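Summary of the model geometry
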Amino acid sequence: MTALSGGPSLPQERRVVTAIPGPKSQELLARKTATVADGVGNVLPVFTVRAGGGVIEDVDGNSLIDFGSGIAVTSVGSSAEAVVRRASAQLADFTHTCFMVTPYEGYVEVCEELAALTPGDHAKKSALFNSGAEAVENAVKIARSYTKRQAVVVFDHGYHGRTNLTMALTAKNMPYKHGFGPFAPEVYRVPLAYPYRWLTGAENCAEEAAAQAIDMISKQVGAENVAAIVIEPIAGEGGFIEPAKGFLPRILEFARANGIVFVADEIQTGFCRTGQWFACEDEGVVPDLITTAKGIAGGLPLAAVTGRAEIMDAAHSGGLGGTYGGNPVACAAALGSIETMRELDLNSRARRIEEVMKGRLSAMQEKYDIIGDLRGRGAMIAIELVKSGTKDPNPEATAAVAKACHSAGLVVLTCGTYGNVLRFLPPLVIGEELLNEGLDIIESAFAKL
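Residues numbered from 1 in each chain as written. Predicted model: local features only at pLDDT ≥ 70, side-chain atom pairs only at ≥ 80, totals over all residues. Heavy atoms only, no water.

Remarks on the overall build of the protein chain
- Along the protein chain, the regular secondary structure elements total 13 helices and 15 strands.
- In summary, the protein chain has a C-alpha radius of gyration of 22 Å against a globular reference of 22 Å for 449 residues, a match within 12%.
- Dimensions of the protein chain along its principal axes, counting C-alpha atoms only, are 60 × 60 × 45 Å.
- Within the protein chain, buried positions represent 54% of all 449 residues.
- Sequence-distant contacts, at least 24 apart, represent 73% of the contacts inside the protein chain between residues at least 6 apart. (Helix = DSSP H or I, 4+ residues; strand = E, 2+ residues; numbered from the N terminus. Rg over C-alpha atoms; globule rule 2.2 N^0.38 Å. Buried < 20%, exposed > 50% of the residue type's maximum accessible area, 1.4 Å probe, protein only. Contact = heavy atoms within 4.5 Å.)

Quick look at the structure:
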């Protein structure tokens, strides 16, 4: 077997030897522009050759600190040993049969792990897919089949995918929905408990937002018409918004009382990202269905819907599936990823990342008044930037800080309905020295504004 050049063996250091992007990346960018559709953009056009731990190495020899994890995917690090070992062994055996034609054990093993790890002690079943959007679509299908209802309720600032139905579920227009309609019908949006921006104050947010949401569902939709309520326990693309404490349990209570399937979209928050296996555990919320993807398989495409057995079994035989869903190599990678999470106790690692990041970022917030809010849990941390002395969104400063970080060799991502949030999603295996060096770069970027 060829010796690994990336993964955990990659030197864990920042190294900037050219301008970023460098000349080789710029050559590849020109080729990309000529052959890849313009709609496929890039946050930072450096072309990767290796990645592992907390760094990404590009074609020009630069080594960048990674605070993105491929948008919360490589939580165990890129090319983690157990992921590579298990996926390589599966590649040598067979790459595909289609589980719906001739099944294989790896798919079943992943479903067994999901039944054990997801919240609740009820009987659970799963179905595997390729992407987060596909998982959300299938959760809606399953809920509609189970309830014999059609309406779906989602929330302000929510993000659920880029397919037609999930674009309808997603709140933000640009770049996700603009020009792509018409969208799927029977989707209704209600307020999210957004503490920083709640008009009557964070202390009133949970109660008032829940009351407004429930009132809108009851009067404008009719609870008896709602198949599913779909919510991210922490809104991801919408700005890493933690709903005010008490909001999620209240919405779950309403769903239970009205026979509505409660779907937790844990695609970005799941698999140790927030310091727990799943973010909804923070308030003891046990969803009826839970959607997962991103961090589940160490970088290979895999997604799942897991939930109460009686709900999952509502769809008729042949009604769920897909040619590649639960691909055997991706399943092997998922088992390697879960193995790594357990062996390294990545929930504890995520909590330590939170401690370090919040400590440093809190000090920056005291120094720079454009940092309006600091929030998040585990290794899912964000700062919301505002115009000095106000709560007016400041997307210009957000873009400037991100650009300065990129130039210095730190991969950061922006998000938020108003484009004014810097989000930090480092691999859970990142070393503390690299973590602090990345925070040094962020602080330097603020100092230059």
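A look at the nonpolar core
- Among the nonpolar cores identified, the biggest contains 124 residues, and Phe67, Ile229, Phe247, Phe424 and Phe446 are the most heavily contacted of them.
- Core analysis: the second largest hydrophobic core is formed by 9 residues, Phe240, Met380, Leu413 and Cys415 among them. (Core = buried A, V, L, I, M, F, W, Y, C linked by side-chain atoms within 4.5 Å.)

Some points on empty space enclosed by the protein
- Applying the stated rule across the entire model yields 3 cavities of 30 Å³ or more.
- Approximately 70 Å³ is the volume attributed to the largest cavity.
- Looking at the largest cavity, the residues that line it are Pro233, Glu242, Pro243, Lys245, Leu248, Ala279, Cys280, Asp282, Glu283, Val285 and Arg377.
- Across the lining of the largest cavity, the residue classes break down as 6 nonpolar, no polar and 5 charged.
- Reported here for the second largest cavity is a volume of approximately 50 Å³.
- In terms of lining residues, the second largest cavity is bounded by Phe155, Asp156, His157, Gly158, His160, Leu192, Ile231, Glu232 and Ala235. (1 Å grid on protein atoms, 1.4 Å probe; cavity = no way out; pocket = protein on both sides within 12 Å on 5 of 7 lines; lining within 4 Å. Points joined across faces, edges and corners; volume = space filled by probe spheres on them. Nonpolar A, V, L, I, M, F, W, Y, C, P; charged D, E, K, R; others polar.)

Notes on unusual backbone geometry
- At the junction of Met174 and Pro175, the peptide bond is cis and its omega measures out at 10 degrees in the coordinates.
- Structurally, Pro175 is set in the loop between helix 6 (164-169) and strand 6 (187-190).
- Note that the residue after Gly181, namely Pro182, is joined by a cis bond; omega there is 5 degrees.
- Within the chain, Ile71 stands out as a residue other than glycine whose phi angle is a positive 65 degrees.
- Mapped onto the elements of the fold, Ile71 is located in helix 2 (residues 69-72).
- Look at Ile71 and you get partly exposed, because its relative accessible area is 34%.
- A positive phi angle is found at Lys148, which is not glycine, with a value near 60 degrees.

A short note on the packing of helix 12 (residues 395-407) against helix 13 (residues 432-447)
- At their nearest, the axes of helix 12 and helix 13 sit 9 Å apart, and the two run at 130 degrees to each other. As the angle between them shows, helix 12 and helix 13 are arranged oblique. Regarding helix 12 and helix 13, the two cross each other, and that crossing is right-handed. For the pair helix 12 and helix 13, contact is made by Val401, Ala404 and Cys405 and by Ile441, Ile442, Ala445 and Phe446, respectively.
- Here the contact of helix 12 with helix 13 is built from residues that sort into 7 nonpolar, no polar and no charged. (Axes fitted to C-alpha atoms, helices over the stretch in contact; angles between N-to-C directions. Parallel < 35°, antiparallel > 145°, perpendicular 65-115°, else oblique. Left-handed = near helix turned anticlockwise from the far one by under 90°.)

Observations concerning the layout of surface pockets
- Each pocket or cavity is described by its volume, and for the second largest pocket that value is around 370 Å³.
- Along the walls of the second largest pocket sit 17 residues, with Phe99, Tyr107, Ser126, Ala127 and Leu320 positioned nearest its centre.
- Counting residues per element, the ones that place at least two in the lining of the second largest pocket are helix 4 (105-117) and strand 4 (124-129).
- Each residue belonging to the lining of the second largest pocket can be placed in one class, and the counts come to 10 nonpolar, 5 polar and 2 charged.

Brief notes about the state of the cysteines
- Throughout the structure, instances matching the rule amount to 0 disulfides.
- For the unlinked cysteine Cys98, the closest cysteine sulfur is that of Cys331, found at 12 Å.
- For Cys98, a relative accessible area of 8% gives the class buried.
- Cys280 supplies the cysteine sulfur nearest to Cys272, a cysteine that is in no disulfide, at a spacing of 13 Å.
- Residue Cys272 is classed as buried on the basis of its relative accessible area of 1%. (Disulfide = S-S within 2.5 Å.)

Some remarks on the packing of aromatic side chains
- Inspection of the entire model under this criterion finds 9 aromatic pairs.
- Aromatic pair Phe99 and Tyr104: ring centres 5.4 Å apart, planes at 80 degrees, arrangement edge-to-face.
- The partly exposed category is assigned to Phe99, whose relative accessible area is 21%.
- Above the face of the Phe183 ring, Lys177 is positioned so that its terminal group lies 5.5 Å from the ring centre.
- In this arrangement the basic side chain of Lys391 is found over the ring face of Tyr196, its NZ or CZ atom lying 4.4 Å from the centre. (Phe/Tyr/Trp six-rings, centres within 6.5 Å; stacked < 30°, edge-to-face > 60°. Lys NZ or Arg CZ within 6 Å of the ring centre and 35° of its normal.)

Description of the sheet that holds strand 13 (residues 410-411)
- Spatially, 1-2-3-13 is the arrangement adopted by the 4 strands of the open sheet, whose pairing is mixed. If you trace the sheet from one side to the other, it starts and ends with strand 1 (48-52) and strand 13, each paired once.
- Here strand 1 pairs with strand 2 (residues 55-58) via 4 bridges, running antiparallel. Its bridge partner lying in strand 2, Gly52 is registered against Val55. (Pairing = 2+ DSSP bridges.)

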